[in-house]
Structure formats: structure tokens, C-alpha cells
Amino acid sequence: MARTLEVATAQYPIDTFASFAEFESKATRWVQDAVNHGSQLLVLPEYGSMELASLLPDAVRDDLHAQLGALQPMRDDVTAIWQRLAQRHGVTLLAPSMPWQLADGSYVNRAWLFTPTGADYQDKQIMTRFESGPWGISPGQDLKLFDTPAGRLGVLICYDSEFPLLARALVEAGAEILLVPSCTDTDAGYHRVRWCAQARAIEQQVAVIHSPTVGEALWSPAVDINIGRAAVYTPCDHGFPPNGVLTLASDSTPGWQFARLDLEAIGELRHSGQVNNHGDWSLQHERLERTVKRLSLK
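None of the values given here were measured: they were computed from a predicted structure.

Participant: For the packing of aromatic side chains, give the residues involved together with the corresponding values.
Facilitator: Throughout the structure, instances matching the rule amount to 11 aromatic pairs. Between the aromatic rings of Phe-17 and Phe-23, the centroid separation amounts to 6.0 Å while the plane-to-plane angle is 65°, which identifies the pairing as edge-to-face. Where Tyr-47 meets Trp-135, the ring centres are 4.9 Å apart and the plane angle is 50°; that geometry is what we call tilted. Placement of the pair is Tyr-47 in the loop between strand S2 (41-43) and helix H2 (58-61) and Trp-135 in helix H5 (residues 129-135), with a sequence separation of 88 residues. Through a chain of ring-to-ring contacts, the aromatic side chains of Phe-17, Phe-20, Phe-23 and Trp-82 assemble into a single cluster. Across from the ring centre of Tyr-121, 3.6 Å away, lies the NZ or CZ of Lys-144, which sits over that ring.

Participant: Let's hear about the layout of surface pockets: which residues, and what values?
Facilitator: The space that makes up the largest pocket amounts to roughly 430 Å³. Of all the secondary-structure elements, those providing two or more residues to the lining of the largest pocket are H5 and helix H7 (187-204). The greatest single-element share of the lining of the largest pocket, amounting to 4 residues, is contributed by H5.

Participant: Summarise empty space enclosed by the protein; cite the residues concerned and give the values.
Facilitator: Scanning all chains against the criterion turns up 1 cavity of 30 Å³ or more. Approximately 50 Å³ is the volume found for the largest cavity. Ser-49, Val-78, Thr-79, Trp-82, Ala-95, Pro-96, Met-98, Arg-110 and Trp-112 are the residues that line the largest cavity. Going through the elements one at a time, helix H4 (75-89) and strand S5 (107-115) are the ones with two or more residues in the lining of the largest cavity. Ranked by the residues each element gives to the lining of the largest cavity, the list is headed by H4, at 3 residues. Tallied by class, the residues present in the lining of the largest cavity amount to 6 nonpolar, 2 polar and 1 charged.

Participant: Hey, could you go over the packing of helix H1 (residues 20-36) against H4 for me, with residue numbers and the actual values?
Facilitator: At a minimum axis separation of 10 Å, H1 and H4 run at an interaxial angle of 25°. In terms of their interaxial angle, H1 and H4 are classed as roughly parallel. As H1 packs across H4, the resulting crossing turns out to be right-handed. Of H4, the residues touching H1 (which contributes Phe-20, Phe-23, Glu-24, Ala-27, Thr-28, Val-31, Gln-32 and Val-35) are Asp-77, Val-78, Ile-81, Trp-82, Arg-84, Leu-85, Arg-88 and His-89. For the contact of H1 with H4, the class distribution of residues is 9 nonpolar, 3 polar and 4 charged.

Participant: Got a sec to walk through the pattern of salt bridges? Specific residues and values, please.
Facilitator: Opposite charge on two side chains permits them to pair, given that their charged atoms come into close proximity. One pass over the structure, following the stated rule, counts 15 salt bridges. In this structure, Arg-260 and Glu-6 form a salt bridge, with 2.4 Å as the shortest nitrogen-oxygen distance. Here Arg-260 is found in strand S15 (residues 255-262), whereas its partner Glu-6 is found in strand S1 (residues 4-13), with 254 residues between them in sequence. Judged by relative accessible area, which is 56%, Arg-260 ranks as exposed. When the shortest N-O distance is used, the salt bridge between Arg-84 and Glu-24 registers 3.4 Å. Note that Arg-84 is positioned in helix H4 and Glu-24 in helix H1, a separation of 60 residues in sequence. Judged by its relative accessible area of 38%, Arg-84 falls in the partly exposed class.

Participant: Give me the lowdown on the side chain of Arg-200, citing residues and values where you can.
Facilitator: When you line up the elements, Arg-200 lands in helix H7. Those residues in contact with Arg-200 that sit more than four places away from it in its chain are Ser-161, Glu-162, Phe-163, Pro-164, Ala-167, Leu-178, Gln-205, Val-206 and Val-208.

Participant: How would you explain the UniProt feature "domain: CN hydrolase" (unreviewed entry) in the protein if you had to name every residue and give the values?
Facilitator: UniProt's feature table lists "domain: CN hydrolase" (unreviewed entry) at residues 5-263, given in the numbering used throughout. Helix makes up 30% of residues 5-263 and strand 30%. Its end C-alpha atoms lie 7 Å apart.

Participant: Go over the environment of Arg-88 with me, naming the residues and quoting the values.
Facilitator: Its place among the elements puts Arg-88 in helix H4. Residue class for Arg-88 comes out exposed when judged on its relative accessible area of 54%. Taking C-alpha positions, Arg-88 is 29 Å from Gly-215, a pair spaced 127 residues apart along the chain.

Participant: I'd like a rundown of the environment of His-89, residues and numbers included.
Facilitator: By the element assignment, His-89 lies in helix H4. On a C-alpha basis, the gap between His-89 and Pro-235 in space is 30 Å, while along the polypeptide they are 146 residues apart.

Participant: Outline the pairing of strand S11 (residues 207-216), listing residues and values.
Facilitator: In terms of burial, S11 is largely enclosed, as 8 of its 10 residues are buried. In the sheet, strand S10 (residues 177-182) pairs with S11 via 6 bridges, with the strands oriented parallel. In the strand pairing of S11, Leu-179 is matched with Ile-209. Traced from S10 through H7 to S11, the parallel crossover comes out right-handed.

Participant: Describe in detail the pairing of S10, supporting the description with residues and values.
Facilitator: Successive residues of a regular strand alternate their side chains across the two faces of the sheet. Among the 6 residues that make up S10, 6 are buried, leaving the element largely enclosed by the rest of the structure. Alternating positions in S10 separate into two faces, Ile-177, Leu-179 and Pro-181 on one and Leu-178, Val-180 and Ser-182 on the other, with burial throughout. As paired elements, strand S9 (residues 151-155) and S10 share 3 bridges and run parallel to each other. Across the sheet, residue Leu-153 finds its bridge partner in S10, namely Ile-177. For the crossover from S9 across helix H6 (residues 164-173) to S10, the handedness is right-handed.

Calculation rules
- Residues numbered from 1 in each chain as written.
- Predicted model: local features only at pLDDT ≥ 70, side-chain atom pairs only at ≥ 80, totals over all residues.
- Heavy atoms only, no water.
- Phe/Tyr/Trp six-rings, centres within 6.5 Å; stacked < 30°, edge-to-face > 60°.
- Helix = DSSP H or I, 4+ residues; strand = E, 2+ residues; numbered from the N terminus.
- Lys NZ or Arg CZ within 6 Å of the ring centre and 35° of its normal.
- 1 Å grid on protein atoms, 1.4 Å probe; cavity = no way out; pocket = protein on both sides within 12 Å on 5 of 7 lines; lining within 4 Å.
- Points joined across faces, edges and corners; volume = space filled by probe spheres on them.
- Nonpolar A, V, L, I, M, F, W, Y, C, P; charged D, E, K, R; others polar.
- Axes fitted to C-alpha atoms, helices over the stretch in contact; angles between N-to-C directions.
- Parallel < 35°, antiparallel > 145°, perpendicular 65-115°, else oblique.
- Left-handed = near helix turned anticlockwise from the far one by under 90°.
- Contact = heavy atoms within 4.5 Å.
- Salt bridge = Lys/Arg side-chain N within 4 Å of Asp/Glu carboxyl O.
- Buried < 20%, exposed > 50% of the residue type's maximum accessible area, 1.4 Å probe, protein only.
- UniProt positions renumbered as here; feature names shortened; annotations may be inferred.
- Pairing = 2+ DSSP bridges.
- Right-handed = clockwise from strand over helix to strand, strands pointing away.

What follows is the structure, encoded as C-alpha cells:
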């Protein structure tokens, strides 16, 4: 029996709000739009929740560090909104990530995943220089596998997607789809995530869904410029686009990109595909050990 999944991946703008109700209205509109297209899995980007800093007093909003603490009183209300929307529409939804303060006072970059019946989160694993330096965001604990109505999901937040062993760990645990929410402020940053996300699809023979922030928010010291294109990537093999691009936005217009994933067909590639990247993964370790041993003897 075929296992098809309708997915929606967002090109999400950092907006400004005059009230928290305006944010709730935006979230409601976005989810309703995806649901109207029949989407079952909705993916939103890294740091999309930083738009809530527009509700802070100017002096706090303009301070990289002050805004972190000032956002915390909103966080439960924010997650409650996304959870209600997932429940109301019966969808699986990766909400925009936000800085999340832990009990020890440190901050992580946390993305919440909501299903019609539950919620869990993934913290970013490896921080960029900006995050660990000027902004003061810390790595989170452990990758997780999420068993959801949309399938078994793993989340690699932006920079995490640039590290193949993280993706491999999730796939070995059973992930069928990797979600890559991102926030990049240069063409180079976008293309690093874009090409690495596609590489992970090829290496692990899974689907990868990429959702970026887009547009300018020059009032924000954290997410002022946002460059990216929403996409869904697959292996380059039988039954899929030769370039592995199931869908890719043609420009930076805010909105959803939609695609239908055939999870059964992707899984079958590990048995009958032109290549066997997933199964042959261990061969590189054997070759590497032999190569290192040989070179070390010279």
C-alpha cells in the first residue's frame, strides 16, 4: 500500500506586530492556507519566532541580549497557539524556532514539533559563530526521532544539516524525512544549507524538507536580512526528479511550497535503486581505515 504524504514548507517573513493578537492571526492564516492545499506536514523555519521581538520596547528590541530574556514570558502562549492549530486541523507542524531559556539561565535554539495529540522539541546541536559568540546561544541536548502521523521525522536545524553524521544518526534510528528549518543572511549561507540538505537526501536516501526565513527585518539586530528558498529534496533515482528537486521556490516571495512525497517509493530505493548510498555507508569507514593505515606507514 502506497504511503503518500502532502507536505508544505514555508518561506516565512519576519513581520512586525502591533499586538500579540496580530501574531496569532498570522499563524492562523498560514496554517489555514496550508491545510486548504491538503497539507499533512507543515514545516516552518529557524528563528521565525524572532518576529515577536517587534512587540518589545525599542530599547529592548534593539539589544541582542536583552531581547532574549524579554521573549521568554511569551513562549508558552506562542507554543500554545501552534499546538492548538495542529490539533484543530489534524496536522503535524514544526513551528518556527526561538531562543529558549533553560533552568541554568542559558539559552538554546528550540524548535517545537506538534502533532494532533502531542508535542516535543528539538534543540539545535551545533552553533554558528554568531550564535555562540555575540548572541550567546548554547548547544542543546541530543537529537531525537519523532514518531508522528506524518512518519518518522528528524530535525536538523540549519547549521546542523551541514554535518553528515548527525543526519546518519537520525536515519539509522529510523527517520524517513529530515526537516531543515533555517535562517541565513547571505547567499553563501543559504547555499551551504541548500546543498547540504540535498546531499543528506542523496547520502541517506530520504526526503529532506527545507524551510527558510525570507525578506528584510532591518529593525532586528538578530534576523535583519533573510535569504533562502523553500524546497523539498529527494534522492536522484528511479521515479524521482533526476536533479533530486521535488519542489524549489523560484523567488523569495513569502508563502508555502507544496509537494507530495511517496515514502514507500523512497524507501524502496534502498533495495532497487540505481545506487545504494544508505547501505554502502559503512564501506567508506573500511576504506578510510585502510587509507589512514597505509598513509601513516609512509
